[in-house]
Protein chains: 2
Amino acid sequence: MNIDTPALVVDLDRLRSNVETMGRTVRSRGLRLRPHAKTHKCLEIAALQREAGADGLTVATLSEAEVFAAAGFTDLLVAYPLFPVGAKAERLRRLLDTAEVTVGVDNAAGATAVADAAAGRRVPVVIEVDSGQHRTGVGPSQVVRLAEHCHALGLDVSGVFTHGGHCYGSPEAPEEAASDEGDALAEAHDALREAGFDITLVSAGSTPTTGRPRPPQVTEERPGSYVFYDRQQLALGACAPEQVALSVAATVVSSGPDRFVVDAGSKALAMDRPSWLVGHGAVWSHAGATVSRLSEHHGVVESGPGAPAVGEVVFVTPNHACNVVNLFDEYVIVQAGDVVDRWRVAARGRNV
Amino acid sequence: MNIDTPALVVDLDRLRSNVETMGRTVRSRGLRLRPHAKTHKCLEIAALQREAGADGLTVATLSEAEVFAAAGFTDLLVAYPLFPVGAKAERLRRLLDTAEVTVGVDNAAGATAVADAAAGRRVPVVIEVDSGQHRTGVGPSQVVRLAEHCHALGLDVSGVFTHGGHCYGSPEAPEEAASDEGDALAEAHDALREAGFDITLVSAGSTPTTGRPRPPQVTEERPGSYVFYDRQQLALGACAPEQVALSVAATVVSSGPDRFVVDAGSKALAMDRPSWLVGHGAVWSHAGATVSRLSEHHGVVESGPGAPAVGEVVFVTPNHACNVVNLFDEYVIVQAGDVVDRWRVAARGRNV
């Protein structure tokens, strides 16, 4: 393959298989699938997800929503507690005029800002519930109070969502986090119904918790990383090695008796490293050697026998796909060892 | 200030002062200053550095060199052991035809690739010496052998360079790392002179080691981060708090009794965190509160009394400026509390 390194490489067959498998898994349970597009930020991959039965997309920011809406993906959930003022308020209005956008809220001030920004337009909102990550979201017992505040502001309360992000706490965490997501959503759903809210959206989601048992109140899954998986998902048991579809191609630029150095550093592999994972990436072609240190343009790999020579290209499996994708402008699409296409990371940097 | 968050904010007065102070410091010691442009990736800032007496720029990649050369910054040192083959070889040739580019080498195979790529064009090369970081570079005693290999290939050996990156090992490390840089460069210089090489470039560099005593053989300094500094440089004693010129503006989007959450996560602040630094950024306006956790779009700050309310904008000092800059497309330039300009991060993502 004649590619300039470092490069973001996707195995097309694995990507397609991951997208189709997840579509089947979620549909077979009678749930809707609204994949999180922050992982791939790519129109071609969103199209594959739609073909595989996805019901709209999840995004994290207004600017991601703008990119996908402009390309015809107009059923969008912003799974984030927006605070749209100034230019963002104007952008939200334009978006509401052109797409079906549901907006996350987790507090009264944010809900008020959304209502003010909407300036009379209909805005479906979805209340974020904290299922144990303790990041954003209200406790299930506080959902009704916030829903009533939204209703009084003229916002349509569509339902509730949660992200059991504590599933990333350890390799043993996903099972309990999935159960926590289900419990929190069921409690919030029942409380809202009892208070007279006719909600239709009860949305759970993360790649490690999708596919696990859900209570009947849950209607939707929002996994993101499953399109590629990564080293972290593998360690969490969310995938098998042969499902990992993303790598960073890197050239060996230097070598010594105890190490070799590749031209993929933190500006290509990102610095994400959960406490339970050693190193910053794996080079499976060389006995699973791990990238032990990253500078901005250097990945230092402790090498054993059979280390690659200077000039060889190796493929590094990154720890966390989402932050890696956000560093590149394009994907190099590979099939059976050949470069078959290049796709743009259309929403790269659209994090505002 | 009416800016969409997260945003990359530069205090113009502090930036100018940092650039001018470093120019004076290095020139007053009779050294040349070749700032590393990987920190800022910005034409306007490179122009300020030139006005303040910089002698050319340092870059890390061919694509950074292309951006700066196209804008008239034609005296460039690629401080990296390039391995230019395929499209990169063609790009190196075009660059050599339009700019004065000196290229790093640290091994025979890389030197051969540079000579092959140059296809007869004159290429000044500079040999990387390992002064203790143990990343790239040859030991001082191996420099002559590699220089002779380069000479036999028809490459012009201009000199040696090192980066004492082990200065980032702990807050006490910079003093010894500076001394290691000087020792390694002096030894390499003397060995090359003795072997008959008429070298003119003996280049040291990092922000924490610049300004410290140097042996007389050293001719040049290559600091990068000093234009902005950051939380890491502050902890290393490389600057005072009032010199830190870069921050990430973020809006508080959620809050609880023990925390508040801002809309700057790892896609805005990057995940860099040396082992000797707690947290992912500081909010100095709120008692130096630290960002204790990062998701992609969330920064979780443990809050005490006086925490900001939802909707307030705060300014987060990031741990490591270089990786933060690479996440944004533009700087918001601020002076005396007002937005006075926007500058492009022209080489954002130019890491190939």
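Residues numbered from 1 in each chain as written. Chains lettered and ligands numbered in written order. Predicted model: local features only at pLDDT ≥ 70, side-chain atom pairs only at ≥ 80, totals over all residues. Heavy atoms only, no water.

### Looking at the overall build of chain A
From N to C terminus, chain A includes ten helices and 17 strands. A globule of 352 residues ought to have a C-alpha radius of gyration of about 20 Å, and chain A, at 21 Å, matches this closely. Reported as C-alpha extents along the three principal axes, the dimensions of chain A are approximately 70 × 40 × 35 Å. The buried share among the 352 residues of chain A stands at 63%. Long-range contacts, defined here as pairs at least 24 residues apart, represent 68% of the contacts in chain A between residues at least 6 apart. Positive and negative side-chain charges in chain A, numbering 31 and 43 respectively, have mean positions lying 4 Å apart. (Helix = DSSP H or I, 4+ residues; strand = E, 2+ residues; numbered from the N terminus. Rg over C-alpha atoms; globule rule 2.2 N^0.38 Å. Buried < 20%, exposed > 50% of the residue type's maximum accessible area, 1.4 Å probe, protein only. Contact = heavy atoms within 4.5 Å. Lys, Arg positive; Asp, Glu negative; His and termini not counted. Charge placed at Lys NZ, Arg CZ, Asp CG, Glu CD.)

### Considerations on the sheet that holds strand β7 (residues 156-161) of chain A
In space, the eight strands of this open sheet follow the order β2-β9-β8-β7-β6-β5-β4-β3 (chain A), with parallel pairing throughout. Both edges of this open sheet fall to β2 (32-33) and β3 (57-59) of chain A, since each of them pairs with a single strand only. (Pairing = 2+ DSSP bridges.)

### So, the pattern of salt bridges
Oppositely charged side chains may form a pair once their charged atoms are brought near each other. What the rule picks out here adds up to 44 salt bridges over all chains. Note that A:R91 and B:D4 form a salt bridge whose closest N and O atoms lie 2.7 Å from each other. Here B:D4 lies in the segment before β1 (7-11) and A:R91 lies in helix α4 (residues 87-98), a pairing that spans two chains. Overall, A:R91 belongs to the buried group, its relative accessible area being 10%. Put simply, A:E330 and A:R342 hold a salt bridge, and the shortest N to O gap is 2.9 Å. (Salt bridge = Lys/Arg side-chain N within 4 Å of Asp/Glu carboxyl O.)

### Considering the pairing of strand β14 (residues 299-302) of chain B
Residues and elements named next belong to chain B. Bridge count between strand β11 (residues 259-262) and β14: four bridges; the pairing is antiparallel. Within β14, the residue paired with V261 across the bridge is V300. With three bridges joining them, strand β13 (residues 289-294) and β14 adopt antiparallel strand pairing. Across the sheet, the residue bridging to R293 is V300, located in β14. The turn linking β13 back onto β14 is made up of four residues.

### Concerning the nonpolar core
Residues A:L15, A:F228, A:Y331, B:L15, B:F228 and B:Y331 are the most contacted members of the largest nonpolar core, which totals 207 residues. Apart from the residues lying within four places of it in its own chain, the contact partners of A:L15 are A:V10, A:I45, A:L48, A:V227, A:F228, A:A245 and A:W343. (Core = buried A, V, L, I, M, F, W, Y, C linked by side-chain atoms within 4.5 Å.)

### Regarding the environment of A:A87
On the secondary structure map, A:A87 appears in helix α4. Between the alpha carbons of A:A87 and A:A117 there is a distance of 9.8 Å; along the sequence they are 30 residues apart. Aside from chain neighbours lying at most four places away, what touches A:A87 is B:N2 and B:D4.

### Structural notes on the relation of the copies chain B and chain A
Mapping chain B onto chain A calls for a rotation angle of 180 degrees and an axial translation of 0.0 Å; the resulting RMSD is 0.0 Å. Put plainly, the chains are arranged around a two-fold axis. Taking the C-alpha atom as reference, chain B places B:M271 closest to the rotation axis, 2.6 Å from it. Here 100% of the interface residues in chain B have copies in chain A that are interface residues too; the copies meet face to matching face. (Least-squares fit on C-alpha atoms with pLDDT ≥ 70 in both.)

### Quick word on helix α3 (residues 62-70) of chain A
Residue and element names in this part refer to chain A. Of all nine residues making up α3, eight are buried, and the element is well covered by its neighbours. Of the surrounding elements, those touching the buried residues of α3 are α2 (43-51), β3, β4 (75-81) and α4. G72 sits one or two positions beyond α3 and adopts a positive phi of about 95 degrees.

### Re the interface of chain B and chain A
In this assembly, 53 residues from chain B lie in contact with 53 residues from chain A. Together, the buried faces of chain B and chain A total about 4,400 Å²; carbon and sulfur atoms form 47% of this surface. It is B:Y80, B:R135 and B:K267 that lose the most area in chain B upon contact with chain A, and together they represent 15% of the buried surface on that side. Scanning the region where chain B abuts chain A turns up ten salt bridges. Among the ionic pairs, A:K88 bridges to B:D263, the shortest N-O distance being 3.6 Å. Those elements giving two or more residues to the side of chain B that touches chain A turn out to be β4 (75-81), α4 (87-98), α5 (108-118), β10 (246-255), β11, α9 (266-269) and α10 (321-325) of chain B. For the side of chain B that touches chain A, the residue count by class is 16 nonpolar, 20 polar and 17 charged. (Buried area = accessible area lost by both parts, 1.4 Å probe. Nonpolar A, V, L, I, M, F, W, Y, C, P; charged D, E, K, R; others polar.)

### Some details on the packing of aromatic side chains
All chains considered together, the criterion is met by four aromatic pairs over all chains. On the basis of an interplanar angle of 45 degrees and a centroid distance of 5.7 Å, the ring pair of A:F228 and A:Y331 is categorised as tilted. Of this pair, A:F228 sits in the loop between β9 (220-221) and α8 (231-235) while A:Y331 sits in strand β16 (residues 330-335); the two residues are 103 residues apart in sequence, bridging distant segments of the chain. In terms of burial, A:F228 and A:Y331 fall into one category: buried. Each ring, one from B:F68 and one from B:F73, has its centre 6.1 Å from the other, and the planes form 80 degrees; the classification is edge-to-face. For the pair shown, B:F68 and B:F73 are each scored as buried. (Phe/Tyr/Trp six-rings, centres within 6.5 Å; stacked < 30°, edge-to-face > 60°.)

### Topic: a negative patch on the surface
Where like charges cluster on the molecular surface, the negative patch consists of A:D183, A:E187, A:D190 and A:E194. Mapped onto the secondary structure, A:E187 falls in helix α7 (residues 173-194). (Patch = residues over 30% accessible without salt bridge, like charges linked within 9 Å, V, L, I, M, F, W, Y side chains within 5 Å. Areas by Shrake-Rupley, 256 points an atom, 1.4 Å probe, with all protein chains shown as cover.)

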